[in-house]
Every structure is written in structure tokens, then in C-alpha cells.
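The primary structure of each chain is shown beneath.
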Amino acid sequence: MSENAKIILDGETHEFPIVVGTENEKAIDISKLRGATGYITLDYGFKNTGSTSSAITFLDGEKGILRYRGYPIEQLAEHAEFLEVAYLVIYGELPTKPQYEKFKTDIVRHTLVHEDMKHFLEAYPRGAHPMGIAASMVCSLSTFYPESQDTNREAEAVNLTIIRLLAKLPTIAAWSHKNSLRHPFVYPQNKYSYTENFMHMMFSMPTEESTPDPIVSKALNKLLILHADHEQNCSASTVRIVGSSHANLYASVAAGVTALWGPLHGGANQAVIEMLEAIKADGGDVDKWIDKAKDKDDTFRLMGFGHRVYKNFDPRATIIKKAADDVLDALGIDDPVLDIAKKLEKVALEDEYFVKRGLYPNVDFYSGIIYRAIGIPTEMFTVMFALGRLPGWIGQWKEMRENNEPIGRPRQVYTGSNKRDYVSIEKR
Ligand code: SDX
């Protein structure tokens, strides 16, 4: 393999170093390109451009491989607890038993949200989308902990912010749901596990105890793990670039929440269920909707299908599809939209349009089926994605800051007007 890449520009040959990762991924380091040649590269959507090097997540889109810090997602989803995986993604190693017990104890000590923040919730209009609430509430946490705004402080201060975010986001999420129902807020209970506590705050009332359902807790634990990180996706890249200005972790994560909200990204899980419901209401004719998805003149896209990186299959979708069957069987639920989803998948995967473009179900295609089965309202689906992705956002921010990466500031190619002189309004 060549040591350097050679680029010939205006008759001059320039050499740039080749970078090879631990999984043999190769890149051309063009850090000195503009200084050496006056040229920049142009790559809309960064489809061919790496923004960083990272030791957190490895994925291979062709082989459908996904590992967090080297551990295959299939093993973590089957055997680990979400907070164990959060620890792994953020700190780089699976915790020892003492480390894990301390991590969980620290988190349960910070699950309460400042009472003044309840006034924010009460000010939102009825039906306020919980992603809008989550983004603003997460950013507002930085105002209740102003010491977090000095991100050059010692690691201990940053670590307290990490614990507070992991502890408080489930409370914020559950309370945004309660607020939409104008129901009283339910406070966290330290006796519950992370997933049990969330379900307690979401679905019980202050006047009653919860009886955790192990099927639901196990399904939620698996879904959170499967969403924990996904290397330089849109929202993680957003968290990194916001954090690269040395904005605090709360503000950076809030930016990640807003990026995730888009229907092309995390918002797809809500859009999938809305699409399946529309197909069901339309009589369930999947062929008609597949044709709409293929029609360039139709804005309809098959939500939950396709991926920037996975061109074969999304390993998370494979796990979630089986979990959906298991959860619905265990709960005795027959959800007609699951049948429509499976029919859509079957027809699409036999259709040249989808096969040629490498369009397969992604993580969002089946996840909503499980959320629905465990009682999560559709508008909360993307908040569930954010709950899972929080450790990834934190891990990516922490790695970027610890590596002292420079502020992100891409270049551009200007295509506007050339120099022209001002003309007074009378003469225009
Ligand atoms: C997530 O990056 C991550 O890792 C994200 C994520 C994570 O964990 O963080 O995995 C989570 O965001 C998953 C993706 C959720 N989004 C959706 O399900 C929305 C539907 N999917 C598409 O919008 C699309 O597939 C994207 C956005 C996911 C990927 O888009 P790309 O890589 O920019 O690809 P593209 O839009 O250039 O599409 C390539 C071709 C085009 O056709 P041609 O121009 O070649 O003729 O495929 C077509 C597209 O029109 N196409 C689709 C399609 N997705 C792509 N056609 C119909 N239905 C679709 N869903």
C-alpha cells in the first residue's frame, strides 16, 4: 500500500500522508492541502470526508458490523445493562463491579431536576413536542450549574456534568410526557433500575407504586443499548462541532438533541409509525407506497429505510426486528402495523430500486413497534432515541476535548456575485 497519496494540480505533484485505522480503514490526510496547493476539497454531506479519528465506535457498512469500543453490539444488547454500556462508551472500558456500583449510585443521587425547572415545563403549550422541550431543558441545565460553563475546569467538574445528564434526561423526558397530559409529575425512585425508573415516571401516578414489568425493562434496556452511539452521525457530529468552540457539555448535547429531531435522522422512528399508520388507513396496499417511494416526482420516502453507511443491512435493525416479535408475543399484542412493516420490507428487498441503491431497514424501521407495544406515545419515540444516544454524544464530546481538537470551521467555494459598488436607492 502506498505511504502517500499523490495529487497532481496545475502540473505540480503534491504528496499527502495516508492514515490507516486499527480496522484498516484508510484516509488521505489533507490537513496541509490548502497551504500547499491553494485548493480545498468539496464534499456535500461529508459522504467521503472524515472529520476526526475516534476510538469509540467501529462500524462496517458493507459487512453490517457495529462495535462499541471493540465489543460487538449483538453481545452487548444480549448481555449488558444500558448503564454498563454508557460507562464503556464514555470512559473506554467496561466497568469493574465497584466502578459500576459507584456509577449507578452517583446517577441515582442526581435524578431529581431543580424544582424551578418545573415552571419551564408548565409554560409549554399543551401538545408541545417533547424534543423541543428536551432540547431547551437540557441547555437550561447549564444555567442551574454555571460551573459547567467553564469547560476548561478539571475532569472532576466535567464528570459531574456527565453524571447529571445521564441522571436527569430520563426525568426531563418523562416529565415532558406528563406535562403534555397535564398529569402531575412523578418523581424518580432510587429503588428502581434505570429503565424501571423511567417507566415509573412515565406511567405511574404520585398516588401509586409501580410494578416493573421485566419484559418491558429488558426490551427498553436493549433498545437504549442499540442506540448508544453510532460514530460520526449527524447529531454526534453536531455535538462535536458545538463542543469544539468550548461550549459546555449541556449546550453541546442540546444541539445534538435538535439535530436528532430531523426526520432524516432520529425523527425517522416517529415518521415510520406515522407512515405505517397512513398505509394501514389507506387499505394496506404496500405496492402503491413502494411505487411512491421510487417515484422521483413524489416527495414520499420509505421512512426507516436507507442509510448513509449501511449498504447491506443495519445490524441494529436485525436485532430490533426479532425483539419486536418477542416483545409483542410476550405481551400478547397483535399490532397490524408490524405486519405492514414486514410486508414493506419483503417487497422492498425484492425490488431492484432498493437493492441497487443498498436501501435496507435501518435502526428506526422497527424500533417504534416496540415503543408502541410498551406504551410509549409516538411523539416520544425520538426522545427515546435521545435517551439511548446520550452516552454516545457525551463520549464523542469528551474524546474531542481530551484530544484538544481545533474548533470546527469548514471552508467553502464561493459562488455569489463578484465585486460590485453600492448604488443609492434612488438609482436602483
Ligand atoms: C439514522 O448516520 C447515522 O448513523 C444515523 C443513524 C444513527 O444511529 O445515528 O443510523 C440513525 O438517522 C438512521 C436513518 C433514519 N432516516 C430515515 O430512515 C429516513 C429515510 N432515509 C433516507 O432519507 C436516506 O436513506 C438517509 C437520509 C438515511 C441516507 O441518505 P443519503 O445517504 O444521503 O442517501 P441519498 O439521499 O443520497 O439516497 C441515495 C439514493 C437516492 O436515489 P438516487 O438519487 O440514487 O436515484 O437512494 C434514494 C435516494 O432518493 N433513497 C431513498 C430512500 N433513501 C434513499 N428512496 C426511497 N426511500 C428512501 N428511504
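Residues numbered from 1 in each chain as written. Predicted model: local features only at pLDDT ≥ 70, side-chain atom pairs only at ≥ 80, totals over all residues. Heavy atoms only, no water.

Some thoughts on the overall build of the chain
A count of helical and extended segments in the chain gives 18 helices and six strands. Its C-alpha atoms put the chain at 75 × 65 × 55 Å along the principal axes. (Helix = DSSP H or I, 4+ residues; strand = E, 2+ residues; numbered from the N terminus.)

Section: the pattern of salt bridges
Two side chains carrying opposite charge are able to pair once their charged atoms lie near each other. Taken as a whole, this structure holds 24 salt bridges when the rule is applied. Between Glu101 and Lys104 there is a salt bridge whose closest N-O contact spans 3.5 Å. Note that Glu101 and Lys104 are positioned in helix 4 (residues 97–108) at a spacing of three residues, about one turn of the helix. Residue classification places Glu101 among the partly exposed residues on the basis of a relative accessible area of 35%. For Lys104, a relative accessible area of 26% corresponds to the partly exposed category. Across the salt bridge formed by Glu399 and Arg240, the nearest N and O atoms sit 2.4 Å from each other. Residue Glu399 is located in helix 18 (residues 381–402), and its partner Arg240 is located in helix 10 (residues 234–243); the two are separated by 159 residues in the primary sequence. With relative accessibility at 10%, the residue Glu399 sits in the buried group. Judged by relative accessible area, Arg240 falls into the buried class, the value being 5%. Counted as one network, the salt bridges with shared partners bring together Glu277, Lys280, Asp335 and Arg372. (Salt bridge = Lys/Arg side-chain N within 4 Å of Asp/Glu carboxyl O. Buried < 20%, exposed > 50% of the residue type's maximum accessible area, 1.4 Å probe, protein only.)

Side note on the sheet that holds strand 3 (residues 26–28)
Across a sheet, paired strands are connected by hydrogen bonds in the backbone, their directions being either parallel or antiparallel. The antiparallel open sheet is built from three strands, whose spatial order is 1-2-3. The open sheet is flanked by strand 1 (4–9) and strand 3, the only strands paired with a single partner. On average, each strand axis in the sheet is tilted by 30° relative to the strand beside it, whichever way the strands run. The pairing of strand 1 with strand 2 (residues 12–20) spans six bridges and is antiparallel. What sits directly across from Asn4, in strand 2, is Pro17. (Pairing = 2+ DSSP bridges. Axes fitted to C-alpha atoms, helices over the stretch in contact; angles between N-to-C directions.)

Some remarks on the site of the ligand
Close to the ligand lie 25 residues; His230, Gly304, His307, Arg308 and Arg316 are nearest. At 2.6 Å from an oxygen atom of the ligand is found a side-chain nitrogen or oxygen belonging to His230. Residue Leu264 places a main-chain N or O atom 2.8 Å away from a nitrogen atom belonging to the ligand. Mapping the shell around the ligand onto the domain boundaries places at least three of its residues in each of domain 2 (74–263 + 382–401) and domain 3 (268–373). (Near = heavy atom within 4 Å. Polar contact = N/O pair within 3.5 Å; in protein donor to acceptor, adjacent residues only side chain to side chain. Domains from an automatic or database assignment.)

Observations concerning the nonpolar core
Tyr68, Phe198, Met275, Leu276, Leu302 and Ile376 are the most contacted members of the largest nonpolar core, which has 116 residues in total. When residues are assigned to domains, this core turns out to be shared by domain 2 (74–263 + 382–401) and domain 3 (268–373), each giving three or more. Setting aside residues no more than four positions away along its own chain, Leu276 makes contact with Val337, Ile340, Ala341, Leu344 and Ile369. (Core = buried A, V, L, I, M, F, W, Y, C linked by side-chain atoms within 4.5 Å. Contact = heavy atoms within 4.5 Å.)

What to know about a nonpolar patch on the surface
A contiguous nonpolar surface patch, about 370 Å² in accessible area, is contributed by Leu42, Tyr44 and Val413. Positionally, Tyr44 belongs in the loop between helix 1 (33–37) and strand 4 (57–60). (Patch = residues over 30% accessible without salt bridge, like charges linked within 9 Å, V, L, I, M, F, W, Y side chains within 5 Å. Areas by Shrake-Rupley, 256 points an atom, 1.4 Å probe, with all protein chains shown as cover.)

Describing the sheet that holds strand 5 (residues 65–68)
An order of 4-5-6 is seen for the three strands of this open sheet, with the pairing classed as antiparallel. Of all strands in the sheet, those bounded by a partner on one side alone are strand 4 and strand 6 (71–72). In terms of strand pairing, strand 4 meets strand 5 through four bridges, oriented antiparallel. Counted as the bridge partner of Thr57 is Tyr68 from strand 5.

Quick word on the packing of helix 3 (residues 82–91) against helix 4
Where helix 3 contacts helix 4, the two axes come as close as 10 Å, and the packing angle between them is 100°. By the angle between their axes, helix 3 is roughly perpendicular relative to helix 4. Contacts from Leu83, Glu84, Tyr87 and Tyr91 in helix 3 reach Gln99, Tyr100, Phe103, Lys104 and Ile107 in helix 4. (Parallel < 35°, antiparallel > 145°, perpendicular 65-115°, else oblique.)

Focus on the pairing of strand 5
Across the two faces of strand 5 the burial differs, with Leu66 and Tyr68 buried and Ile65 and Arg67 not buried at all. The sheet contact formed by strand 5 and strand 6 spans two bridges and is antiparallel. Note on strand 6: the bridge partner recorded for Arg67 is Pro72. The hairpin turn running from strand 5 into strand 6, its antiparallel successor, is two residues long, and Arg69 in that turn takes a positive phi close to 50°.

A few points about the domain arrangement of the chain
As far as domains go, the chain holds domain 1 (4–50), domain 2 (74–263 + 382–401) and domain 3 (268–373). For domain 1 versus domain 3, the separation of C-alpha centres amounts to 38 Å.

Describing the pairing of strand 4
Burial along strand 4 is two-sided: Thr57 and Leu59 facing one way and Phe58 and Asp60 facing the other are all buried. Joining the antiparallel neighbours strand 4 and strand 5 is a turn of four residues, in which Gly64 adopts a positive phi near 65°.

Observations regarding the packing of aromatic side chains
One pass over the structure, following the stated rule, counts 14 aromatic pairs. Between Phe82 and Tyr194, the aromatic rings sit 5.6 Å apart at their centres with planes inclined by 45°, giving tilted as the arrangement. With Phe82 in helix 3 and Tyr194 in helix 8 (residues 194–203), the pair connects residues that are 112 residues apart, well separated along the chain. When its relative accessible area of 1% is taken as the criterion, Phe82 is described as buried. (Phe/Tyr/Trp six-rings, centres within 6.5 Å; stacked < 30°, edge-to-face > 60°.)

Structural notes on the environment of Val337
Within the secondary structure layout, Val337 lies in helix 15 (residues 336–349). Judged by its relative accessible area of 0%, Val337 is buried. Residues Val337 and His110, spaced 227 residues apart in sequence, show a C-alpha to C-alpha distance of 38 Å. Filtering out sequence-adjacent residues up to four positions away, Val337 remains in contact with Leu276, Glu277, Lys280, Ile369 and Arg372.

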